[in-house]
Amino acid sequence: MVEGVGVGRSPGSLRRILVPLALAQFICSFAGSNMNVMITDISHDLNTTVHGVQIAITVFLLVMAALMIPGGKLTDRWGRRRCFTIGLVVMASAG
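The rules behind each value
Residues numbered from 1 in each chain as written. Predicted model: local features only at pLDDT ≥ 70, side-chain atom pairs only at ≥ 80, totals over all residues. Heavy atoms only, no water. Helix = DSSP H or I, 4+ residues; strand = E, 2+ residues; numbered from the N terminus. Buried < 20%, exposed > 50% of the residue type's maximum accessible area, 1.4 Å probe, protein only. Areas by Shrake-Rupley, 256 points an atom, 1.4 Å probe, with all protein chains shown as cover. Phe/Tyr/Trp six-rings, centres within 6.5 Å; stacked < 30°, edge-to-face > 60°. Patch = residues over 30% accessible without salt bridge, like charges linked within 9 Å, V, L, I, M, F, W, Y side chains within 5 Å. Salt bridge = Lys/Arg side-chain N within 4 Å of Asp/Glu carboxyl O. Expected span 1.5 Å × (residues − 1). pLDDT = per-residue confidence, 0-100. Contact = heavy atoms within 4.5 Å.

1. Side note on the overall build of the chain
From N to C terminus, the chain includes 4 helices and 0 strands. Put simply, the chain runs from its N terminus to its C terminus through helices and strands in the order α-α-α-α. In the chain, which comprises 95 residues, the proportion classed as buried is 8%. Carbon and sulfur atoms make up 67% of the accessible area of the chain, which amounts to about 8,000 Å² in all.

Okay, here's the thing in structure tokens:
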């Protein structure tokens, strides 16, 4: 018997796993496309170059993608609510 993804799992449990992953991927790509549309306006507002804004957007998207899997792993270990609270504290302290 070949073991793989979905062996021994009901379709409902697979859907509960895939929906948050698909939504996270959508949010990442949506954020990137929104920022790319506004590059010239952002560069004028911040008095910087378009190239600098493009670099900032690229770094933002790379960091978001790199932290997506470890973040999911932490929520499995610590729980969603605790990780969300920690994330809110980190974001609030950064601002």
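Here the narrative resumes, following the displayed structure.
2. Some words on the packing of aromatic side chains
Counting across every chain of the model gives 1 aromatic pair. With a centroid separation of 5.6 Å and an interplanar angle of 20 degrees, the aromatic rings of Phe26 and Phe30 are classed as stacked. Of the two residues, Phe26 and Phe30 are both situated in helix H1 (residues 11-37); the distance of 4 residues between them amounts to about one turn of the helix.

3. Digging into a nonpolar patch on the surface
Taken together, the side chains of Ile55, Val59, Val63 and Leu67 present a nonpolar region at the surface, about 350 Å² in accessible area. Its place among the elements puts Ile55 in helix H3 (residues 50-78). Taking relative accessible area as the criterion, Ile55 reaches 43% and is therefore assigned partly exposed.

4. What to know about the environment of Pro20
Within the fold, Pro20 resides in helix H1. Residues Pro20 and Gly72 lie 52 residues apart in sequence; the distance between their C-alpha atoms is 9.8 Å.

5. Brief notes about unusual backbone geometry
For Asn47, which is not a glycine, the phi torsion comes out positive at approximately 55 degrees. Its location among the elements puts Asn47 in the loop between helix H2 (39-45) and H3.

6. Observations regarding helix H4 (residues 80-94)
For H4, spanning 15 residues, the distance from its first C-alpha to its last is 21 Å, which sits close to the expected 21 Å at 1.5 Å a residue. A small share of H4 lies buried, amounting to 1 of its 15 residues.

7. So, the confidence of the model for the chain
Confidence in the prediction for the chain averages 81 pLDDT; 88% of positions are at 70 or higher. No element of the chain has a lower mean pLDDT than H1, at 78, and none a higher one than H2, at 89.

8. Re the environment of Met35
Mapped onto the elements, Met35 comes out in helix H1. Taking the C-alpha atoms as reference points, Met35 and Gln54, separated by 19 residues in sequence, lie 9.0 Å from one another. For Met35, the residues in contact, after removing those within four places along its chain, are Ile42, Ile57 and Phe60.

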